[in-house]
Amino acid sequence: MESMGEVLRSMNNPALRQRSRDLEQRLLGNPLVKQLQAEHPELDDTRLRLHLSRLYQYVEENRNCTNCPGLDKCPNDFQGHYSKLTVETVSGSPELYERKTACRLQVAKDTQDNIRKRIRSFYVDERVLNEGYDEIDIMGKDPRRAPAVNQLFRYIENTKENGLSPHGLYMFGSFGTGKTFLMCYLLHELAVAGYSGVIVYMPDFVEDLKSIMMDGQKLKETVDTMKNCDLLIFDDIGAENLNPWARDHVLGAILNYRMNRKPTFYTSNYPLDGLEKHLSFTSKDGEEQYKGQRLMDRIAPFVDVMPLHGDNQRGNR
């Protein structure tokens, strides 16, 4: 069908006037318009003729949606939306109103976009967050992961049912067993439930702190983000090259603020006692056992330990 604008602009041409009348008849005889009239008998043909442009838009966009080429190629005027007609009585007469309504594909996209907005990552590959999750696949990768995965599922369900707890999880295991992937799954599932989350890859974060420390505003914004998000994950803690300032004034401040307030999560190759040894040593001051213990007092009491067993899955996805 040609555009309504083209038809109306050509009304001085007799042949095109006939085409416009044919278009009018096709519109009034269209099954969608007939259905609209059946639902609203007060809409006679005379009243409908006053709203031909809306009827045209309604019919065309319904046809486009029936033959949907996908959201990215949506031909409708307002991508991802279609025209929906409603009838209201104004001053005793029925009037036809049009409103744009999001299609199911647009609703799904908006939902996913809102979920992603609740998750922020520092130095973590965004593909890990966006590649999607399949619970059967998560369980089926390696049966030895099942106890940890079930514990993770229980934590997610408990949070959805009872709200946020100040207690987090400490997941440790060997390289490539899926620790980051599983924590990203937790972030995604709880973002769906409305919680905000941050995941921080510790080796790169600590390295970047050397430049951030010269920018007080950026440092404050970064630390405040980690303090105040609902869910905070320190990914691969224990693999960073710590210095006293990063340990005591950044990591310590964040954990001190969050304990008894909001849950913090960790992935590591170390069990808790191994992490304490790591946190007790810095490249500048060497071993300072009491400082490592002080930091562990802000970690160990506020997590459930989750050993993750299994084969190295890197390269298998």
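Above this text you will find the structure in question.
All of these numbers come straight from a predicted model, not from anything done at the bench.

**Student:** Quick one: what's the story with helix α3 (residues 31-39), residue by residue and with numbers?
**Tutor:** Side chains that are three or four residues apart share a direction in an α-helix, a result of its 3.6 residues per turn. Residues of α3 that are buried include every one of L32, V33, L36 and Q37, and no others. Here the buried residues of α3 occupy an arc of 140° about the axis, which is enough to place them on one side. Structural note: α3 exposes P31 and A38 on the side pointing more than 90 degrees away from its buried face. For α3, the side-chain oxygen to backbone nitrogen distance between the N-cap and L32 is 2.8 Å, and the N-cap itself is N30.

**Student:** An account of the sheet that holds strand β3 (residues 119-122) is requested, with residue identities and associated values reported.
**Tutor:** Pairing is parallel across the open sheet formed by six strands, whose spatial order is β3-β5-β6-β7-β4-β10. Whereas interior strands pair on both sides, the edge strands pair on one side only; in this sheet they are β3 and β10 (303-308). Each strand of the sheet is rotated relative to its neighbour by a mean of 15°, with strand direction disregarded. Sheet analysis places strand β4 (residues 168-173) next to strand β7 (residues 264-268), joined by three bridges and oriented parallel. Counterpart to M171 in the pairing with β7 is T267. Packed onto the sheet, helix α12 (residues 216-228) meets β3, β5 (197-201) and β6 (231-235) and runs at close to 130° relative to β3.

**Student:** Now, about empty space enclosed by the protein: what can you tell me, with residues and values included?
**Tutor:** Overall, the coordinates contain two cavities of 30 Å³ or more when judged by the stated rule. Space inside the largest cavity adds up to approximately 60 Å³. Forming the walls of the largest cavity are P166, L255, R258, M259, K262, T264, Y266, R298, I299, F302 and V303. Those elements that place two or more of their residues in the lining of the largest cavity are α13 (244-258) and β7. Classifying every residue of the lining of the largest cavity by side-chain character gives seven nonpolar, one polar and three charged. Lining the second largest cavity, in full, are M202, F205, V206, L209, L242, A246, R247, V250 and L251.

Criteria and thresholds
Residues numbered from 1 in each chain as written. Predicted model: local features only at pLDDT ≥ 70, side-chain atom pairs only at ≥ 80, totals over all residues. Heavy atoms only, no water. Buried < 20%, exposed > 50% of the residue type's maximum accessible area, 1.4 Å probe, protein only. Helix = DSSP H or I, 4+ residues; strand = E, 2+ residues; numbered from the N terminus. Arc of directions from axis to C-beta. Polar contact = N/O pair within 3.5 Å; in protein donor to acceptor, adjacent residues only side chain to side chain. Pairing = 2+ DSSP bridges. Axes fitted to C-alpha atoms, helices over the stretch in contact; angles between N-to-C directions. Contact = heavy atoms within 4.5 Å. 1 Å grid on protein atoms, 1.4 Å probe; cavity = no way out; pocket = protein on both sides within 12 Å on 5 of 7 lines; lining within 4 Å. Points joined across faces, edges and corners; volume = space filled by probe spheres on them. Nonpolar A, V, L, I, M, F, W, Y, C, P; charged D, E, K, R; others polar.

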